[in-house]
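# Observations on chain architecture
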Amino acid sequence: MGFVQVSEKEGDEPIELPVEEDGTLLLSTLQAQFPECSGLQYRIVETKAVRGVRSNEGRMYSPSEESGWGEYHYFCVFPKKNKRQSDDNSENSVAKTKRTEPLLRCFDLIVLGLSYNTTDRTLREFFETYGDVVKAEIKRDNTSGQSKGFGFVRFGSYDAQMRVLSKRHLIDGRWCEVKVPSSRGIGNQVPGKVFVGRCTEDIGTEDLREYFSQFGDVIDVVIPKPFRGFSFVTFLDPYIPQLLWGEDHIIKGVSVRVSSADKKVVPKKNQQIQSCKNSSNNNTNNNNDLDIFNMHAANNFNMHPGNNFNMHPANNFIMHPANNFNMNPFNPHGYQMNRAMN
DNA sequence: GTTGAGCGTT
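Residues numbered from 1 in each chain as written. Chains lettered and ligands numbered in written order. Predicted model: local features only at pLDDT ≥ 70, side-chain atom pairs only at ≥ 80, totals over all residues. Heavy atoms only, no water.

As annotated in an unreviewed UniProt entry, chain A is TAR DNA-binding protein 43 from Drosophila mauritiana. As recorded by UniProt, the Subcellular location (unreviewed entry) comment attached to chain A reads in full: "Nucleus". (UniProt positions renumbered as here; feature names shortened; annotations may be inferred.)

What follows is the structure in structure tokens.
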């Protein structure tokens, strides 16, 4: 039974580690002393070159059959720190930056229920306690100058924005709420779901899943049959879709069009609704081919253990399952149970 | 000068 001299860094005081009967050093033995270590190196005295120790399936092999580990001082190799963040492919590291960057972007928030006395200035002063206020504006009647009782506020940091969203604020004696404006056009969207237009027939479910996984966990992919030139992709995280719209997405050389997936009104069995296309929604997408989102298997996001929806900082006030749909700050009206469910 | 659910501009 022999020992190998190993130190964390070259030149450090070495520790002697026991080798196995077959002359190999177990990676587990090594990691018992150097937890993050993934391999060993040593320096050739004559050439001053650094060599790596061969390792396979948890075993490290001595440099030579005859002389074993020799008198070398071995030192540890650690995984590169920037590499360790993304453990698989480079696509994922792209995804991570893409995933957080748009999320951190601030936008105007609507402040509802304001006192008619509240001014731009008092509005700003109130929200400055949360962070840097870029803009604070009361909406007024053009002719009279009378406040309409609502306004807009914009923060400099996403952190502040999230702390403010969807909770009540006592401003000038009135309880007000801050929401994402419906003008952002997401009122009728299905959480986590995107409509992928301009698809070609050779773009299969796995192609879609593979491509969109770089932005977040994909929990469902649907290509309507017969083929109609579009498909649907559902993310676990309901925030992902709005990060994707308007961007170029190229799958298999095809520039597909990603937009919001809107709720479709599903006719009840004995109570047919004449036409979905004549319904009141005036969205420009031909994507009203959806199930009602909360009936779809892929959209049971409230129940999913890995769902971070309820964990979002903006959603830290209601944890009751029955309220989940109303917790999304990006949904100004709250989701409603469709009658097809009843 | 009243009221109290909603949704604004560039």
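Along chain A, the regular secondary structure elements total seven helices and 18 strands. Sorting the 342 residues of chain A into buried and exposed places 40% on the buried side. Pairs at least 24 apart in sequence give 63% of the contacts found in chain A among residues at least 6 apart. Here chain A displays about 19,800 Å² of accessible surface, and carbon together with sulfur accounts for 47% of that area. (Helix = DSSP H or I, 4+ residues; strand = E, 2+ residues; numbered from the N terminus. Buried < 20%, exposed > 50% of the residue type's maximum accessible area, 1.4 Å probe, protein only. Contact = heavy atoms within 4.5 Å. Areas by Shrake-Rupley, 256 points an atom, 1.4 Å probe, with all protein chains shown as cover.)

Let us look at the layout of surface pockets. As a volume, the second largest pocket reaches approximately 270 Å³. Lining the second largest pocket are 14 residues; nearest its centre among them are Tyr61, Ser62, Pro63, Ser64 and Glu65. For the lining of the second largest pocket, the per-class residue count stands at five nonpolar, six polar and three charged. (1 Å grid on protein atoms, 1.4 Å probe; cavity = no way out; pocket = protein on both sides within 12 Å on 5 of 7 lines; lining within 4 Å. Points joined across faces, edges and corners; volume = space filled by probe spheres on them. Nonpolar A, V, L, I, M, F, W, Y, C, P; charged D, E, K, R; others polar.)

Turning our eyes to something else, we now look at the nonpolar core. By size, the foremost hydrophobic cluster in this structure holds 23 residues, and its most contacted members are Leu109, Val111, Leu123, Phe127 and Phe155. Elements that contribute at least two residues to this core include exactly strand E9 (109-112), helix H4 (120-127), strand E10 (133-140), strand E11 (147-155), helix H5 (158-164) and strand E13 (174-179). Among the elements that make up this core, the one with the highest residue count is H5 (four residues). Beyond its immediate sequence surroundings of up to four residues, leucine 109 is in contact with Gly151, Phe152, Val153, Phe155, Gln161, Val164, Leu165, Val178, Lys179, Val180 and Pro181. Formed by 20 residues, the second largest nonpolar core is a distinct cluster that contains Phe212, Val233, Val254 and Val258. (Core = buried A, V, L, I, M, F, W, Y, C linked by side-chain atoms within 4.5 Å.)

Looking at DNA strand B, there are 19 residues lining it, with Asp108, Leu114, Lys135, Ser182 and Ser183 nearest. At the protein interface, 12% of the atoms of DNA strand B within 4 Å belong to sugar or phosphate. A distance of 3.4 Å is found between a base nitrogen of DNA strand B and a side-chain nitrogen or oxygen belonging to tyrosine 116. Arginine 174 places a side-chain nitrogen or oxygen 3.4 Å from a base nitrogen of DNA strand B. Put simply, the parts of the chain that give the surface near DNA strand B at least two residues each are E9, E10 and E11. Tallied by class, the residues present in the surface near DNA strand B amount to eight nonpolar, six polar and five charged. (Near = heavy atom within 4 Å. Polar contact = N/O pair within 3.5 Å; in protein donor to acceptor, adjacent residues only side chain to side chain.)

Under the definition given, this model contains 12 salt bridges. A salt bridge links aspartate 108 to arginine 154; the nearest nitrogen and oxygen atoms lie 3.0 Å apart. Here the residue aspartate 108 occupies a position in the loop between helix H3 (90-100) and E9, and arginine 154 occupies one in strand E11, the gap between them amounting to 46 residues. Given the relative accessible area of 30%, arginine 154 is considered partly exposed. (Salt bridge = Lys/Arg side-chain N within 4 Å of Asp/Glu carboxyl O.)

Quick look at the environment of glutamine 161 now. Note on placement: glutamine 161 falls in helix H5. Owing to a relative accessible area of 0%, glutamine 161 belongs among the buried residues under this scheme. Between the alpha carbons of glutamine 161 and tyrosine 130 there is a distance of 8.1 Å; along the sequence they are 31 residues apart.

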